[in-house]
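# Chains, contacts and geometry: an overview
In case you want the letters, here they are:
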Amino acid sequence: MSHEREHDEKLPSDEITAVEVPNGIDRRKFLVRSTVIGAAAILTGCDFSKEERTERAAKEAAAMPDTTKKGATVLSPELEVVKKSKGPIITVVDEFYKVGPGPSSSHTIGPMRITYDFYQRCTKLPADQLAKATTMKVHLFGSLSATGLGHGTERASLAGILGQEPATVDPLFLDAMKENPDKTYPVKLGDKELTLSLKDVIYDATKGDFHHPNTMTCKLLAGEEVLLEQEYYSVGGGFIEWKGYTPPKKGAPKYPYQTMKELREHAEKNKLSIAQVVMENEKAVSGKSEAEINAFLDKIAGAMLATVKSGLSIKEGVLPGPIKLQSKAATVWERAQKKEYESDRAIGMVSAAALAGSEENARGHLVITAPTGGSAGVMPAIVYALVESKRKLPMEKVREGLLAGAAIGYLCKHNATLAGAEGGCQSEIGVASSMSAAFIAQAMGATPRTLENAAESALEHHLGLTCDPVAGYVQVPCIERCAFGAVKAWVAYSIASSEDESRHRVDLDTTIETLAQTGRDMGAKYKETSEGGLAANLVLC
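These remarks concern the structure in this document. (Residues numbered from 1 in each chain as written. Predicted model: local features only at pLDDT ≥ 70, side-chain atom pairs only at ≥ 80, totals over all residues. Heavy atoms only, no water.)

### Some details on the overall build of the chain
Assigned secondary structure in the chain consists of 24 helices and nine strands. Among the 541 residues that make up the chain, the fraction classed as buried is 53%. Relative to all contacts within the chain whose residues are 6 or more apart in sequence, the contacts with residues 24 or more apart total 77%. As displayed, the chain offers around 23700 Å² of accessible surface, 52% of which is attributable to carbon and sulfur atoms. (Helix = DSSP H or I, 4+ residues; strand = E, 2+ residues; numbered from the N terminus. Buried < 20%, exposed > 50% of the residue type's maximum accessible area, 1.4 Å probe, protein only. Contact = heavy atoms within 4.5 Å. Areas by Shrake-Rupley, 256 points an atom, 1.4 Å probe, with all protein chains shown as cover.)

So this is what it looks like as structure tokens:
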């Protein structure tokens, strides 16, 4: 037997990697230990039979610490967001694209929706119960407690309990709460009037066995007696659930899909675009007409354009919070218009538009979840760049782009997560970039496969991106990440539209699965807790 042959038998071959892994042993650890043992055998001159190597690898793998579970996010199987990962996608655009105050869909819009829901529940209680009420309390747990102060979670929570809704709340009302934290506010529950303040929103335990990292409880009290209590979860992208949640009944999709492969096959088989498939499903699931859906998409597109315009109109100023970060969207935009920087204009304009949308989010102004508040600068920048440029993209194409982008967001929500507290920033900026690449591809008339390739590339190159907001504020590194996400979307489309679409080696479904796995493996300190990364290393003076 040759020396090379001896080496081959010592190292894990296809036979070893295909071997049945002993019960209770992690396959990845088993293969790692097999490789290490084989390499060590070569270096030391030891000779192990295949059986010996397998037995030793299994023993060592079992003894290895489970680092993937350390700090990993474990979601309760009772959550609808977990259950929905089984079965066809039935999310619709008016659930997905939401208008609300920044700086975070899960830490601002979600909590406001939650406390508004609780407020409505309280108003429906019998008069004799309401007559006994003395106060209301909101308790924040997990990531909401860890970084809620920087996200303005307490102000959003109080506003909701006062009867304010995210889409219609005046951001100046939230700003005034910050400026006068001791102010009290009346809330009417039937004939009963209570007086509440920010002190009634309590930052509770950051660590614990929660159903979701973003957990809240709301209570209506009569002294120490609890008249009504509800546990809620802000599950990402402004979506909310509560203990005992039952999702609303919906129609069945015309073209059911759970994966990008299934979605693309529907389009190709029926000679439809991705946007057309999504529109047919929107009508079937929601029961709304195409005109009604288009009217909503026009509203979202208009809000995106308004967000960017508003951000660009602020020439200078310091963003709220202890970081003292200077806004720069307008400066970047003005530089891009100068003749000497004409060759950089396209990148400059997209970057400036993304910075503008994200700075508006940091100010707590109204933004659009696409898919989250933290990524609120990415897709609006793409819409602005295509509409407010020489291209003058017509509204029909904008609608199609929004539908295609939503489809990618649906897939990521269904098979992974949109929440930074669950999956890190890859789940926010990465998904936003992927959605935006699909938007561009659809608007430019690309084939379904090219659209998939563009979305895949944009998401792939955000994998592993942590969520490490400095001081808990959605500013550093979040604002500039929106600019990078928007530019990457353009790059992804540019490459996808230039290559032979059949030669693209990675499919979107694989990348979304990797997104989910990476989020599960990522340590908790890198998921919106401000305990790792830049948040831990940047010293504010």
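Further notes follow.
### A look at empty space enclosed by the protein
Counted according to the given criterion, the structure contains three cavities of 30 Å³ or more. Every residue along the wall of the largest cavity is listed here: Pro 103, Ser 104, His 151, Gly 374, Cys 425, Glu 428, Cys 467, Pro 469, Val 474, Cys 478 and Glu 528. Per-class residue counts for the lining of the largest cavity are six nonpolar, three polar and two charged. In this structure, the second largest cavity occupies an estimated 60 Å³ of space. Ile 89, Ile 90, Thr 91, Val 92, Tyr 257, Val 278, Asn 281, Glu 282, Val 285 and Tyr 410 together form the lining of the second largest cavity. The element best represented in the lining of the second largest cavity is helix α13 (residues 274-286), accounting for four residues. Per-class residue counts for the lining of the second largest cavity are seven nonpolar, two polar and one charged. (1 Å grid on protein atoms, 1.4 Å probe; cavity = no way out; pocket = protein on both sides within 12 Å on 5 of 7 lines; lining within 4 Å. Points joined across faces, edges and corners; volume = space filled by probe spheres on them. Nonpolar A, V, L, I, M, F, W, Y, C, P; charged D, E, K, R; others polar.)

### Concerning a nonpolar patch on the surface
A contiguous nonpolar patch, built from Leu 534, Leu 538 and Leu 540 and spanning about 220 Å² of accessible area, is present on the exposed surface. Mapped onto the fold, Leu 540 is located in the segment after α24 (534-537). (Patch = residues over 30% accessible without salt bridge, like charges linked within 9 Å, V, L, I, M, F, W, Y side chains within 5 Å. Salt bridge = Lys/Arg side-chain N within 4 Å of Asp/Glu carboxyl O.)

### Describing the nonpolar core
Core analysis: the biggest nonpolar cluster contains 97 residues, and Tyr 97, Leu 402 and Phe 439 have the highest contact counts within it. Beyond its immediate chain neighbours, meaning those up to four positions away, Tyr 97 contacts Phe 296, Ile 300, Met 304, Ile 368, Thr 369, Ala 370, Met 379, Leu 402, Gly 405, Ala 406 and Met 435. (Core = buried A, V, L, I, M, F, W, Y, C linked by side-chain atoms within 4.5 Å.)

### Topic: the state of the cysteines
Under the defined criterion, the tally for this structure stands at zero disulfides. The cysteine Cys 467 is free of any disulfide, with Cys 425 supplying the nearest cysteine sulfur at 5.2 Å. By relative accessible area, Cys 467 is classed as buried at 6%. (Disulfide = S-S within 2.5 Å.)

### Some details on the sheet that holds strand β5 (residues 201-203)
Strands sit in the order β5-β2-β6-β7-β8 across an open sheet of five strands; the sheet is mixed. Edge positions in the sheet fall to β5 and β8 (239-242), since each of these pairs with one other strand and no more. Mean inter-strand twist for the sheet, computed between neighbouring axes without regard to direction, equals 25°. Bridging between strand β6 (residues 214-222) and strand β7 (residues 225-236) involves eight bridges; their strand directions are antiparallel. (Pairing = 2+ DSSP bridges. Axes fitted to C-alpha atoms, helices over the stretch in contact; angles between N-to-C directions.)

### Description of the packing of aromatic side chains
Counted under the stated rule, the structure contains eight aromatic pairs. Geometrically, the ring pair formed by Phe 96 and Tyr 97 is edge-to-face, given 5.5 Å between the ring centres and 80° between the ring planes. Neither residue differs from the other here; Phe 96 and Tyr 97 are each classed as buried. Three or more aromatic residues link up through ring pairs in this structure, and these residues are Phe 96, Tyr 97 and Tyr 410. The ring of Tyr 341 has Arg 335 sitting right over it, with the charged end atom 3.6 Å from the ring centre. (Phe/Tyr/Trp six-rings, centres within 6.5 Å; stacked < 30°, edge-to-face > 60°. Lys NZ or Arg CZ within 6 Å of the ring centre and 35° of its normal.)

### Some points on the pairing of strand β3 (residues 185-189)
Burial along β3 is one-sided: the face carrying Tyr 185, Val 187 and Leu 189 is buried and the face carrying Pro 186 and Lys 188 is not. The sheet contact formed by β3 and strand β4 (residues 192-196) spans five bridges and is antiparallel. Counterpart to Lys 188 in the pairing with β4 is Glu 193. Where β3 hands over to β4, the hairpin turn is made up of two residues, of which Gly 190 adopts a positive phi near 65°.

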